[in-house]
Amino acid sequence: GAIIIAGTITGDYVARKEIRELSYDDSSIDLGMYVDKFYRDLEVYGIRAVKPKDIIVKFSRMESSKKYKGYNGVSFGYRNPNIIEIYINPLFWEQASKAQRYWLMYHELAHDVLNAYHLDATPENEGRLMYPYASSYDVQDMDIFIEALHDLFEEYSTREI
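Remember, it's a predicted structure, so these values are computed and weren't measured experimentally.

Reading the values: the criteria
Residues numbered from 1 in each chain as written. Predicted model: local features only at pLDDT ≥ 70, side-chain atom pairs only at ≥ 80, totals over all residues. Heavy atoms only, no water. Salt bridge = Lys/Arg side-chain N within 4 Å of Asp/Glu carboxyl O. Helix = DSSP H or I, 4+ residues; strand = E, 2+ residues; numbered from the N terminus. Buried < 20%, exposed > 50% of the residue type's maximum accessible area, 1.4 Å probe, protein only. Phe/Tyr/Trp six-rings, centres within 6.5 Å; stacked < 30°, edge-to-face > 60°. Core = buried A, V, L, I, M, F, W, Y, C linked by side-chain atoms within 4.5 Å. Axes fitted to C-alpha atoms, helices over the stretch in contact; angles between N-to-C directions. Parallel < 35°, antiparallel > 145°, perpendicular 65-115°, else oblique. Left-handed = near helix turned anticlockwise from the far one by under 90°. Contact = heavy atoms within 4.5 Å. Nonpolar A, V, L, I, M, F, W, Y, C, P; charged D, E, K, R; others polar.

As a further point, take the pattern of salt bridges. By the definition in use, this model includes five salt bridges. Put simply, Glu 85 and Arg 20 hold a salt bridge, and the shortest N to O gap is 2.6 Å. Placement of Glu 85 in strand 5 (residues 83-88) and of Arg 20 in helix 1 (residues 13-21) is noted, with a sequence separation of 65 residues between them. Overall, the relative accessible area of 0% leaves Glu 85 in the buried class. Its relative accessible area of 38% is what places Arg 20 among the partly exposed residues. Here Lys 51 makes a salt bridge to Asp 36, at a shortest N to O gap of 2.8 Å. Placement of the pair is Lys 51 in the loop between helix 2 (32-44) and strand 3 (54-60) and Asp 36 in helix 2, with a sequence separation of 15 residues. Using a relative accessible area of 37% as the deciding quantity, one classes Lys 51 as partly exposed.

Following this line, the structure appears as structure tokens:
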């Protein structure tokens, strides 16, 4: 079966509490850099988005969760302009390539900043940034990531956020 890359959890307070309790900071890894880069990239595409005051981007030991074991990342800020809240599975992060890390971070940030939701898991959506399964990016390189990002940002450049 496919591994779920990411999820947007809205209204599931038990899951949110569990993921938060399993979370931690790693001072040797600057996850905030991805947030800053995401906002710079939005500006390049003419997408105006206000960065919220509350930004939480941490690792979470999702492998210890019965419900979210196998997830590479989750976000909790969907449809809430006051927060970005993203948790990354450290087991994924340790083995991920640069392109896979960018893919996951931008996927989660698109949930929280653009209110983007998962695309249907159909063959025509594979390779798009909001495709919900790892099979779409497990061997991607930066060029493919940039192309998927360009497609997503082009779509959102005509929308109000």
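After that view of the structure, there is still more to cover.
Taken as a whole, this structure holds 16 aromatic pairs when the rule is applied. Arranged with centres 4.9 Å apart and planes meeting at 65°, the rings of Tyr 34 and Tyr 102 form a pair that is edge-to-face. Of this pair, Tyr 34 sits in helix 2 while Tyr 102 is found in helix 4 (residues 98-114), placing the two residues 68 residues apart along the sequence. Cluster of aromatic residues (ring-pair linked, three or more members): Tyr 24, Tyr 34, Phe 38, Tyr 39, Tyr 45, Phe 59, Trp 93, Tyr 102, Trp 103, Tyr 106, Phe 145 and Phe 153.

This part covers the nonpolar core. Counting residues in each nonpolar core, the largest one holds 33 residues, and the members touching the most others are Phe 38 and Leu 114. Put simply, the parts of the chain that give this core at least two residues each are helix 2, strand 3, strand 5, helix 3 (90-95), helix 4 and helix 5 (142-156). A total of nine residues in this core trace back to one element, the largest contributor, which is helix 4. Among the nonpolar cores identified, the runner-up in size contains eight residues, and Ile 19, Tyr 68, Val 74 and Tyr 87 belong to it.

To continue, consider the packing of helix 4 against helix 5. Orientation of helix 4 relative to helix 5, taken along the N-to-C sense of each, is 15°, at an axis distance of 9 Å. Put simply, helix 4 runs roughly parallel to helix 5. Remark: the crossing between helix 4 and helix 5 carries left-handed chirality. Between helix 4, through Lys 98, Ala 99, Tyr 102, Trp 103, Tyr 106, Ala 110 and Leu 114, and helix 5, the contact on the second element is made entirely by Met 142, Ile 144, Phe 145, Ala 148, Leu 149, Leu 152, Phe 153 and Tyr 156. Among the residues forming the contact of helix 4 with helix 5, the class breakdown is 14 nonpolar, no polar and one charged.

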